[in-house]
Amino acid sequence: NSINEKYFMNKLVSLFCGIIFGIGLVISQMINPAKVLGFLNFFGEWDPSLAFVRIGALIVSSPLFHLFKNKEKPIFSSSFSISNKKEIDKKLIIGSILFGAGWGLAGLCPGPAISSIALLNMSSIIFVIAMFFGFYIAKLT
């Protein structure tokens, strides 16, 4: 019974954190591809406002990371899920290139794309479908 309660609490806390994250993406306009592309346009009309989003995220997450990093395990899980992989391989390089190209060309990355589905934006919906198709293809390799 205690295992089921921990599992349920883990999922509930994950859902709550995801909702907060999605709301933050909407408030910061990270779901607006034009805003993201303006931030990436260093040689044109650069929009530095998203840098403040990143700074705000660091201000909140850094102290919490240091507070929890030495814990034996998370509160609602049996262990931390941290990769021990340290080498740079072909999959990492290809994935990074695809991520960067998608972000630079479409102005969306996975989190904001999923959040922007709530606005029923067709380009976001197509992006998310293509993203999940890419996840499926990656699992096959």
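For the structure itself, look to the data block above.
Residues numbered from 1 in each chain as written. Predicted model: local features only at pLDDT ≥ 70, side-chain atom pairs only at ≥ 80, totals over all residues. Heavy atoms only, no water.

(A) Quick peek at the overall build of the chain. Check the secondary structure of the chain and you find 6 helices and 0 strands. Secondary structure elements of the chain, listed N to C terminal, follow the sequence α-α-α-α-α-α. Across the chain, every contact between residues at least 6 apart in sequence was considered, and the portion connecting residues at least 24 apart equals 43%. (Helix = DSSP H or I, 4+ residues; strand = E, 2+ residues; numbered from the N terminus. Contact = heavy atoms within 4.5 Å.)

(B) Looking closely at helix 2 (residues 33–40). Within the span of helix 2, buried status applies to Pro33, Lys35, Val36, Gly38 and Phe39. In this structure, the buried residues of helix 2 make contact with helix 3 (49–68) and helix 4 (90–106). The N-cap of helix 2, judged by a side-chain oxygen 3.0 Å from the amide nitrogen of Ala34 a few residues on, is Asn32. (Buried < 20%, exposed > 50% of the residue type's maximum accessible area, 1.4 Å probe, protein only. Polar contact = N/O pair within 3.5 Å; in protein donor to acceptor, adjacent residues only side chain to side chain.)

(C) Structural context of the side chain of Ser116. Summarising the element assignment, Ser116 is placed in helix 5 (residues 110–116). The buried category is assigned to Ser116, whose relative accessible area is 2%. With residues up to four places along the chain from it excluded, the contact list for Ser116 reads Ile31, Leu108, Asn121 and Ser124.

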